[in-house]
Amino acid sequence: MNTAQPIRSREDLTRIKDYYRVIRPNSRNYLLIIMGLNTALRVSDVIRLKWRDVYDFRAKTCREHISLEEQKTGKASVIFLNDSVKTAIQEYRRFLCGRDASLPEEDYIFGSYGRGATHISRVQVFRIIRQAARACGIEGVISCHSLRKTLGYHAWKQGVQPVMLMNIFNHSSFQITRRYLGIEQDDRDNIFRNIEI
């Protein structure tokens, strides 16, 4: 199977999150992974986010939601920012503001070459994620899309209703969502794992 896979193991999730936080500290890359895992946004939408999208400069706090038009579908989407994402945003802001007191609202969060005038590329995001996955010994095809799939996979495992997952991913049927998350293969594997003749 050559398609991106979700990160299924909780231990692998902890390792990949800790890679850019503890092992090879990089607050931008850490935020990239945390945001990818917790928002279900496509990488093309994540890299286009600007500081004004996630941070209220007047209130000096993170926003509760990201509101955007998805690049691929053109559909409006509102995404809740949980505490993990907000903490990672604040850490990255502190890092950037330590170097430069001014942080323009119009800058991209994931700026190229440390500047926010242009954003990093999908290829760079792929390299960031692959490096972390390899260093952490995570098996399978792990790519940018794996972060988005991981949220859905773990939500499904925790009992989130299929219709909600379909809505989050903008799929037309649960069969598409099951295939997207690799659930069908998990179901098949469990049959062989649990039945011995």
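Below, the structure is looked at part by part. Owing to the predicted nature of the structure, the values given are computational and were not obtained by experimental measurement. (Residues numbered from 1 in each chain as written. Predicted model: local features only at pLDDT ≥ 70, side-chain atom pairs only at ≥ 80, totals over all residues. Heavy atoms only, no water.)

On the secondary structure map, Gly-137 appears in the loop between α6 (122–135) and α7 (144–157). Look at Gly-137 and you get partly exposed, because its relative accessible area is 42%. In this structure the C-alpha to C-alpha distance between Gly-137 and Asn-170, which are 33 residues apart in sequence, comes to 32 Å. (Helix = DSSP H or I, 4+ residues; strand = E, 2+ residues; numbered from the N terminus. Buried < 20%, exposed > 50% of the residue type's maximum accessible area, 1.4 Å probe, protein only.)

Quick look at the environment of His-154 now. One can find His-154 in helix α7. Sequence separation between His-154 and Arg-10 is 144 residues; the distance between their C-alpha atoms is 9.2 Å. If we skip the residues at most four places from it in the chain, His-154 touches Ile-7, Arg-8, Arg-10 and Leu-13. (Contact = heavy atoms within 4.5 Å.)

The topology assignment puts Asp-12 in helix α1 (residues 10–23). Look at Asp-12 and you get buried, because its relative accessible area is 15%. Not counting residues up to four positions away in its chain, the partners in contact with Asp-12 are Ile-7 and Ile-138.

This part is about helix α2 (residues 27–39). In a regular helix each residue adds 1.5 Å, so 13 residues correspond to 18 Å; α2 covers 18 Å between its end C-alpha atoms and thus fits that length. Burial within α2 is extensive, with 12 of its 13 residues counted as buried. Turning to α2, its buried residues are Ser-27, Arg-28, Asn-29, Tyr-30, Leu-31, Leu-32, Ile-33, Ile-34, Met-35, Gly-36, Leu-37 and Thr-39. Structurally, the start of α2 carries an N-cap: the backbone nitrogen of Arg-28 is 3.1 Å from a side-chain oxygen of Asn-26. Ala-40 occupies a position one or two residues after α2 and carries a positive phi of about 60 degrees. (Expected span 1.5 Å × (residues − 1). Polar contact = N/O pair within 3.5 Å; in protein donor to acceptor, adjacent residues only side chain to side chain.)

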